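# Coordinate inspection notes
Spelled out, the chains give:
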Amino acid sequence: MNTRKNQLEAFNRLLDIMDELREKCPWDRKQTNETLRTLSIEEIYELSDAIIENDSDEIKKELGDVFLHLVFYSKIASEKGQFDVADVLNSICDKLIHRHPHIYGNTVADTEEKVLQNWEKLKLKEGNQSVLSGVPTSLPAMVKAYRIQDKVKGVGFEFENAEQVFEKIQEEIIEFKNETNPTDREMEFGDILFSLINYGRFVGINSEDALERSNKKFISRFQILEELAKEKGLILGEMTLSELEELWNLAKIR
């Protein structure tokens, strides 16, 4: 691993390159916060994919792209006289020190739960109107549900054990099955999903990651099914469900 001196030199190198690109490259010079926004979202999803695949080389590459975007936003702000990268870094340092009084102060918090509880209390003291005010409205629904549940856990709004959460899932399924109004039925279905995400969180499973792994597994198996169909001279749209299931079972053991 690199020394702290090497790390600082590498970061300084990135800052120098950013300055030069912003001055000399037509594409980099043209970028704004707005044009970078969607590209940044794409980079975060690519990093997420690399993490799910546990590919350290790809994680390193995608982290570099994310670093670039963070430096890019800071550079644009400095050109406008708003702030620069030092302000950004000092701001997060100050925030971390303030939010960790059990490390930098006299508060006692020897468990993860106590740390989270202190974190939420501090944010309310800082002016947050609600424990949930820090949950971005634009988050994907599944990620948002997880964050909502994790946030309220920080103030003690949590089931006592996993069995209670599972019972809640069963309760929501019954309500869904008994509901006939289409609008209310959709709401009940949402409640099932919310409860499933809560159960996963309670037992240490991130539902977003779990579903993405299932997506990847399904894609892989279905592509094998397609290959098997070609080998047998079969056309997917003309096959019976029984034939498809037979190939699916073969794909599962490939």
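Residues numbered from 1 in each chain as written. Predicted model: local features only at pLDDT ≥ 70, side-chain atom pairs only at ≥ 80, totals over all residues. Heavy atoms only, no water.

The name given to the protein chain in an unreviewed UniProt entry is Nucleoside triphosphate pyrophosphohydrolase, with Faecalibacter bovis as the source organism.

What follows is about the layout of surface pockets. Its boundaries defined by the atoms lining it, the largest pocket holds a volume of some 650 Å³. Around the largest pocket sit 15 residues that line it, and Gln 7, Ala 10, Phe 11, Gly 64 and Phe 67 are the ones nearest its centre. Sorting elements by how many residues they give to the lining of the largest pocket places helix H1 (residues 4-24) first, with nine residues. The calculated volume of the second largest pocket comes to roughly 430 Å³. (1 Å grid on protein atoms, 1.4 Å probe; cavity = no way out; pocket = protein on both sides within 12 Å on 5 of 7 lines; lining within 4 Å. Points joined across faces, edges and corners; volume = space filled by probe spheres on them. Helix = DSSP H or I, 4+ residues; strand = E, 2+ residues; numbered from the N terminus.)

This part takes up a nonpolar patch on the surface. Taken together, Phe 83, Val 88, Leu 89, Ile 92 and Leu 96 make up a surface patch of nonpolar side chains, about 380 Å² in accessible area. Take Phe 83: it is sitting in the loop between helix H4 (56-79) and helix H5 (85-99). By relative accessible area, which is 37% here, Phe 83 ends up partly exposed. (Patch = residues over 30% accessible without salt bridge, like charges linked within 9 Å, V, L, I, M, F, W, Y side chains within 5 Å. Areas by Shrake-Rupley, 256 points an atom, 1.4 Å probe, with all protein chains shown as cover. Salt bridge = Lys/Arg side-chain N within 4 Å of Asp/Glu carboxyl O. Buried < 20%, exposed > 50% of the residue type's maximum accessible area, 1.4 Å probe, protein only.)

Right, let's talk about helix H7 (residues 112-125) for a bit. Taking 1.5 Å as the rise per residue, H7 with 14 residues should run 20 Å; its terminal C-alpha atoms sit 20 Å apart, in good agreement. All buried positions along H7 are accounted for by Asn 118, Glu 120, Leu 122 and Lys 123. For H7, the elements touching its buried residues are H5, helix H6 (101-104) and helix H8 (141-153). For H7, the N-terminal capping position is held by Thr 111, with its side-chain oxygen 3.2 Å away from the main-chain nitrogen of Lys 114. (Expected span 1.5 Å × (residues − 1). Contact = heavy atoms within 4.5 Å. Polar contact = N/O pair within 3.5 Å; in protein donor to acceptor, adjacent residues only side chain to side chain.)

A separate point is the environment of Ser 138. Summarising the element assignment, Ser 138 is placed in the loop between H7 and H8. Put simply, Ser 138 and Arg 213 are 75 residues apart on the chain and 23 Å apart in space, counted from C-alpha to C-alpha.

As for its position among the elements, Glu 62 is in helix H4. Salt bridges are absent for the buried Glu 62, whose nearest opposite-charge side chain, Lys 61, sits at 4.3 Å. Apart from residues no more than four positions distant in its own chain, Glu 62 is found in contact with Glu 43, Glu 46, Leu 47 and Ala 50. (Lys, Arg positive; Asp, Glu negative; His and termini not counted.)

Attention shifts here to the UniProt feature "domain: NTP pyrophosphohydrolase MazG-like" (unreviewed entry) in the protein chain. UniProt feature "domain: NTP pyrophosphohydrolase MazG-like" (unreviewed entry): in the numbering of this structure it lies at residues 31-103. With 86% helix and 0% strand, the stretch residues 31-103 has end C-alpha atoms that lie 40 Å from each other. (UniProt positions renumbered as here; feature names shortened; annotations may be inferred.)

Inspection of every chain in the model, using the stated rule, returns four aromatic pairs. What links up through ring pairs into an aromatic cluster is the set Phe 218, Phe 222 and Trp 248. One Lys or Arg, Arg 185, reaches over the ring of Phe 176 and ends 4.1 Å from the middle of that ring. (Phe/Tyr/Trp six-rings, centres within 6.5 Å; stacked < 30°, edge-to-face > 60°. Lys NZ or Arg CZ within 6 Å of the ring centre and 35° of its normal.)

Glancing now at the pattern of salt bridges. Throughout the structure, instances matching the rule amount to twelve salt bridges. Note that Asp 19 and Lys 75 form a salt bridge whose closest N and O atoms lie 3.0 Å from each other. On the criterion of sequence distance, the pair formed by Asp 19 in helix H1 and Lys 75 in helix H4 is long-range, its members being 56 residues apart. The residue Arg 147 makes a salt bridge to Asp 150 at a minimum N-O spacing of 3.3 Å. Placement of both Arg 147 and Asp 150 in helix H8 is noted, with a separation of three residues, approximately one turn of the helix. Here the salt bridges share partners, and the residues they tie into one network are Glu 53, Glu 212 and Lys 216.

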